[in-house]
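Fold and geometry: a report
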Amino acid sequence: MEDSGRINVTMTAREYELFKEAKKRPASEKQQTAASRPRKLPEFPKLESLVHHPIDYARVVKKIGNEVDLTLVDLEGLLPSTIIMVISVTASTTSGKPLSKENLNKTIDACDRALALDLAKKKVLDFVESRMGYIAPNLSAIIGSTVAAKFMGIAGGLSALAKMPSCNVQLLGAKKKTLAGFSTTTSQFRVGYLEQAEIFQSTPPSLRTRACRLLASKSTLAVRVDSTRGDPTGKAGINLRDEILKKIEKWQEPPPAKKPNPLPVPDSEPKKKRGGRRLRKMKERYAVTDMMKLAKRMQFGVPEASSLGE
């Protein structure tokens, strides 16, 4: 696959045509998944505001079915524990009505269609991932072929991804947060598929925000190189990856020790004094007058004769 920094991947004409068709599929399948998303459940109308992702919503709706008491439904493994707790509390204060048998069958069928589309999307992305070394070698060298395939799938192709700014590339694949009343101090910043990259995972948590921005900017450069077929060997991507790793390593270095500033060498030479008319005027202004000389004529420790003759 890779030899001395050179990526050798070949594609047949049929595979290339299939790849071009596969690039368009994930975006259209995402629209179909959103369109086939089940509507609000009458027995739990607030569920849609608690579960935002359509696939998670379809799994939860299929799991709940026509059950009114959600304490009898095990949602473990489908959603995070905090969301499950919020759903349970909200369901206890929400009154609804069960679906009819016909509507229930239609709802379950819509859930099955959404899950089937998601499975087909994963198969398409797996095929795109297997050919990413040929289509986008530089991008794959930075973030890996898996994340690169997801980027191309959600953007709609290599050329569409190359036109995106790095701030939008950073958010590709980011899910809408559901804090459900919890504090935002412990929540992670918004990041999409980049969190699955190996470089992001190996970065300390305190530096992941900066590393995510750096990965997005360098990935954008690599995508633009790939879109113009500027470097099919992938060396540009390898150089960008080395640059990213060096910067992250530099961020982790401790700051240099602060050295004490030594005192300046004393100047023993006499300083040049200003002369001229201005200095003479200043000396005259601050000079001791005759009145001050008379006031200061008394000597210390010597009695003075009184003017009264005593």
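Further up the page is the structure itself.
Counting restarts for each chain: residues are numbered from 1 in the order of the written sequence. The predicted origin of the model limits local features to residues at a pLDDT of at least 70 and limits the giving and counting of side-chain atom pairs to 80 or more, whereas totals for whole chains, interfaces and linings rest on all residues. Side-chain measures here rest on the full set of heavy atoms in the structure, leaving out hydrogens and waters.

Now for the overall build of the protein. A helix here means a DSSP run of H or I that spans at least four residues, while a strand means a run of E at least two residues long, and both kinds are numbered starting from the N terminus. Of the regular secondary structure elements, the protein holds 15 helices and 2 strands. Summary of the burial criterion: residues with accessible area below 20% of their type's maximum are buried, those above 50% are exposed, and those between are partly exposed, where the area comes from a 1.4 Å probe applied to protein chains only. Here the protein, with 310 residues, has 34% of them falling under the buried criterion. A contact between two residues is defined here by any heavy atoms of the two lying within 4.5 Å. Contacts in the protein between residues far apart in sequence, at least 24 positions, make up 62% of those at least 6 positions apart.

Before going further, it helps to spend a moment on a positive patch on the surface. There is a patch of like positive charges on the surface, built from Arg277, Arg278, Arg280, Lys281 and Arg285. Residue position: Arg285 is located in helix α14 (residues 277-286). Patch construction takes residues with relative accessible area above 30% that form no salt bridge. Like charges are linked within 9 Å, and nonpolar side chains (Val, Leu, Ile, Met, Phe, Trp, Tyr) are linked within 5 Å. What sets the accessible areas is the Shrake-Rupley method with a 1.4 Å probe; for residues, cover comes only from the shown protein chains. What counts as a salt bridge is simple: a side-chain nitrogen of Lys or Arg found within 4 Å of a carboxyl oxygen of Asp or Glu. His residues and chain termini do not enter the charge count, which takes Lys and Arg as positive and Asp and Glu as negative. The location of each charge is read from NZ of Lys, CZ of Arg, CG of Asp or CD of Glu.

Let us look at the nonpolar core. Counting 36 residues, the largest nonpolar core has Ile143, Phe151, Leu161, Leu194 and Leu215 as its most contacted members. Secondary structure elements with two or more residues in this core: α5 (101-130), α6 (132-135), α7 (137-143), α8 (145-155), α9 (158-162), α11 (198-202), α12 (208-227) and α13 (235-251). Per element, the largest residue contribution to this core is 7 residues, and it comes from α12. Residues contacting Leu161, with those up to four places away along its chain left out, are Leu139, Phe151, Met152, Ala155, Val169, Leu172 and Val223. We define the nonpolar core as a collection of buried residues of types Ala, Val, Leu, Ile, Met, Phe, Trp, Tyr and Cys that are connected through side-chain atoms lying within 4.5 Å of one another. In terms of nonpolar packing, the next biggest core, distinct from the first, is built from 19 residues, Val51, Ile64, Ala91 and Cys111 among them.

Quick look at the packing of helix α3 (residues 54-64) against α5 now. When two helices pack together, their arrangement is given by the angle between the helix axes and the distance between those axes. Two elements in contact, α3 and α5, have axes whose closest approach is 9 Å; the angle formed by their N-to-C orientations is 140 degrees. When the interaxial angle is binned, α3 and α5 end up oblique. Along this stretch, α3 crosses α5, giving a crossing that reads as left-handed. Where α3 abuts α5, its residues Ile55, Ala58, Arg59, Val61 and Lys62 lie against Thr107, Ile108, Cys111, Asp112, Ala114, Leu115, Asp118 and Lys122. For the contact of α3 with α5, the class distribution of residues is 7 nonpolar, 1 polar and 5 charged. Every angle, taken between N-to-C directions, lies between 0 and 180 degrees, and every axis is a line fitted to C-alpha atoms, over only the stretch in contact when it is a helix. Note on terminology: angles under 35 degrees are roughly parallel, angles over 145 are roughly antiparallel, angles of 65 to 115 are roughly perpendicular, and the others are oblique. Crossings are classed by handedness, with left-handed meaning an anticlockwise turn of the near helix from the far one by less than a right angle and right-handed meaning a clockwise turn. Residue classes follow a fixed rule: Ala, Val, Leu, Ile, Met, Phe, Trp, Tyr, Cys and Pro count as nonpolar, while Asp, Glu, Lys and Arg count as charged, and any other residue, Gly among them, counts as polar.

Take Val124: it is sitting in helix α5. A relative accessible area of 15% means that Val124 is categorised as buried. A C-alpha to C-alpha distance of 9.4 Å links Val124 and Ala149, two positions 25 residues apart in sequence.

In the structure shown here, the tally under the stated rule is 8 salt bridges. As a salt-bridge pair, Asp112 and Lys62 come within 2.7 Å of each other at their nearest N and O atoms. Here the residue Asp112 occupies a position in helix α5, and Lys62 occupies one in helix α3, the gap between them amounting to 50 residues. Judged by its relative accessible area of 31%, Asp112 is partly exposed. Ionic contacts of the salt-bridge type, sharing partners, join the residues Asp56, Arg59, Asp118 and Lys122 into one network.

Quick look at α12 now. Take the number of residues in a helix, subtract one, and multiply by 1.5 Å to get its expected span. Between its first and last C-alpha, α12 extends 28 Å over 20 residues, near the 28 Å set by a 1.5 Å rise per residue. Buried positions along α12 lie against α6, α7, α9, α10 (166-169), α11 and α13.

This part covers α8. For the α-helix, the turn length of 3.6 residues means that residues three or four positions removed from each other point alike. Among all positions of α8, only Val147, Ala148, Ala149, Phe151, Met152, Gly153 and Ala155 are buried. Remark: Gly156 follows α8 within two positions and exhibits a positive phi of approximately 95 degrees.

Right, let's get into the packing of aromatic side chains. Here a Phe, Tyr or Trp ring, Trp counted by its six-membered ring, pairs with any other such ring whose centre lies within 6.5 Å, and the pair is stacked when the planes are under 30 degrees apart, edge-to-face when over 60, and tilted otherwise. As enumerated under the stated definition, the model contains 1 aromatic pair in all. Relative to Tyr193, the ring of Phe151 lies with its centre 6.4 Å away and its plane at 45 degrees, an arrangement referred to as tilted. Here Phe151, found in helix α8, pairs with Tyr193, found in the loop between α10 and α11; they are 42 residues apart in sequence, far enough to count as distant. On the basis of relative accessible area, Phe151 is assigned to the buried category, the value being 1%. Arg210 extends its terminal NZ or CZ atom over the ring of Trp251, reaching a point 4.1 Å from the ring centre. Two conditions define a charge sitting above a ring: the NZ of Lys or the CZ of Arg must be within 6 Å of the ring centre, and it must be within 35 degrees of the ring normal. Cation over ring: Arg229 sits above Tyr134, and NZ or CZ is 5.5 Å from the ring centre.

Within the element layout of this structure, Asp118 appears in helix α5. Taking the relative accessible area as the measure of exposure, Asp118 reaches 15% and is therefore buried.

Okay, unusual backbone geometry next. With phi around 55 degrees, Arg229 is a residue other than glycine that occupies positive phi space. Mapped onto the fold, Arg229 is located in the loop between α12 and α13. Take Arg229: its relative accessible area is 39%, and that puts it in the partly exposed class.

Take the packing of α5 against α8 next. Where α5 meets α8, the axes come as close as 8 Å, and the angle between the chain directions of the two elements is 120 degrees. Comparing their axes, α8 and α5 come out oblique. Crossing angle aside, the handedness with which α5 passes α8 is right-handed. Residues Leu125, Val128 and Glu129 of α5 form the contact with α8, whose participating residues are Ser145, Thr146, Ala149, Lys150 and Gly153. Class assignment for the residues of the contact of α5 with α8 results in 3 nonpolar, 3 polar and 2 charged.

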